[in-house]
Amino acid sequence: MQPTVEVLSDKPALVERATVLVIERIKGAIAARGRCHLSLAGGSTPKPLYEALAKADLPWASLYIYWGDERFVPADHADSNDRMVRTAWLNHVPIPADHIFPVPTAAGSPEAAAEQYEQTLRQSFGEGTAFPSFDIILLGMGDDGHTASLFPHTPVLQEQTRWVGVGKKDDQPRITLTVPVINAAQTVIFLVAGANKQTALSQVFAPEADADVYPARRVQPDGQLIWLLDEAASKGLPT
């Protein structure tokens, strides 16, 4: 399926469009299946989206919340994606606590955290499936072309069977969903803003490029792929 690309005038417009789209997809999943499994992105771009969702009127008890990646830091650390999302959104809405599944960074090692999170996902989605089918996975993209914590030239890019792996940025370990899990989603939505993303976007959308160098190229879901770009980032799209 060909990706859908939407170019918005600036970051606030991108966030506004993302809010409408995510709410629409949440309601659609709940109407179809009685629940919505949503995997969240970290970083600065989606934070205002989460703040907007905190003001939405949604069937909160039908949402199940996960993280696409997490730094291996305590949950109260300033760099924690869990902390950011709770502060911006989850602390302000009545999603049942047992419907929220943060990455267990108190585990003794990144590898143990990845194993524990995979077991959490298997219990939530069921052992009988090859890969979980999230209703929505939100992703960002770095100026190096990474997404989630799938960084260039890292071993986790080659993972074909595990649901959760260990990525690395420099010497910092991160827990991440693997490529097959992302590609099993019903809908994947990228939020990409800023002129510094132009070079990576030019390679992600190029007819041919190295997916080990630009890992976002590996995101080719069975479901729908939507790219929301601000105008500054979009100038990197091939003409």
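Cut-off values and rules
- Residues numbered from 1 in each chain as written.
- Predicted model: local features only at pLDDT ≥ 70, side-chain atom pairs only at ≥ 80, totals over all residues.
- Heavy atoms only, no water.
- Pairing = 2+ DSSP bridges.
- Helix = DSSP H or I, 4+ residues; strand = E, 2+ residues; numbered from the N terminus.
- Contact = heavy atoms within 4.5 Å.
- Axes fitted to C-alpha atoms, helices over the stretch in contact; angles between N-to-C directions.
- Core = buried A, V, L, I, M, F, W, Y, C linked by side-chain atoms within 4.5 Å.
- Buried < 20%, exposed > 50% of the residue type's maximum accessible area, 1.4 Å probe, protein only.
- Salt bridge = Lys/Arg side-chain N within 4 Å of Asp/Glu carboxyl O.

Digging into the sheet that holds strand 2 (residues 36–40)
Now for step 1: Strands sit in the order 1-10-9-6-2-3-5 across an open sheet of seven strands; the sheet is parallel. Looking along the sheet, the strands with just one partner apiece sit at the ends: strand 1 (4–8) and strand 5 (100–101).
Now for step 2: Of the strand pairs in this sheet, strand 2 and strand 3 (residues 63–67) are connected by five bridges, and their pairing is parallel. Residue pairing in the sheet places Leu38 in a bridge with Ile65 of strand 3.
Now for step 3: This element, helix 1 (residues 11–33), spans strand 1, strand 2, strand 3, strand 6 (136–139), strand 9 (187–192) and strand 10 (224–230) of the sheet and lies at about 160° to strand 10.

Quick look at the environment of Arg122
Now for step 1: Relative to the assigned elements, Arg122 resides in helix 4 (residues 110–125).
Now for step 2: Between the alpha carbons of Arg122 and Trp163 there is a distance of 8.8 Å; along the sequence they are 41 residues apart.

Some points on the nonpolar core
Now for step 1: Residues Tyr50, Ile65, Trp89, Leu138, Phe190 and Trp227 are the most contacted members of the largest nonpolar core, which totals 79 residues.
Now for step 2: Among the elements that take part in this core, helix 1 stands out by supplying 10 residues, more than any other.
Now for step 3: Sequence-distant contacts of Phe190, that is, excluding residues within four places in its chain, are made with Leu139, Gly140, Met141, Thr147, Ala216, Val219, Leu225, Ile226, Trp227 and Leu228.

Thoughts on the environment of Cys36
Now for step 1: Looking at the secondary structure, you find Cys36 in strand 2.
Now for step 2: Residues Cys36 and Asp135 lie 99 residues apart in sequence; the distance between their C-alpha atoms is 6.0 Å.
Now for step 3: In this structure, Cys36 is in contact with Ile26, Ala29, Ile30, Ser62, Leu63, Tyr64, Asp135 and Ile136, ignoring residues within four places of it in sequence.

A short note on the sheet that holds strand 4 (residues 69–71)
Now for step 1: The strand order 4-8-7 describes an open sheet built from three strands, whose pairing is antiparallel. Edge positions in the sheet fall to strand 4 and strand 7 (164–169), since each of these pairs with one other strand and no more. Each neighbouring strand pair of the sheet contributes to a mean axis angle of 30°, computed without reference to strand direction.
Now for step 2: For strand 7 and strand 8 (residues 172–177), the ladder comprises six bridges, and the chain directions are antiparallel. Within strand 8, the position partnered with Gly167 by the bridge is Arg174.
Now for step 3: Sheet strands in contact with helix 4 are strand 7 and strand 8, and its direction is about 140° off that of strand 7.

A word on the pattern of salt bridges
Now for step 1: Following the criterion strictly, the structure yields eight salt bridges and no others.
Now for step 2: The salt bridge partner of Asp135 is Arg33, with a shortest N-O separation of 2.5 Å. Of this pair, Asp135 sits in the loop between helix 4 and strand 6 while Arg33 sits in helix 1, and the two are 102 residues apart along the sequence.
Now for step 3: Between Asp212 and Arg218 there is a salt bridge, with its nearest N and O atoms 2.4 Å apart.
Now for step 4: Judged by relative accessible area, which is 24%, Asp212 ranks as partly exposed.

Quick word on unusual backbone geometry
Now for step 1: Located in the positive-phi region is Ala148, a residue other than glycine, with phi close to 50°.
Now for step 2: Turning to its location among the elements, Ala148 is positioned in the loop between strand 6 and strand 7.
Now for step 3: Despite not being glycine, His153 has its phi angle at roughly 60°, a positive value.
Now for step 4: With respect to the helices, strands and loops of the structure, His153 is situated in the loop between strand 6 and strand 7.
Now for step 5: With a relative accessible area of 59%, His153 lands in the exposed category.

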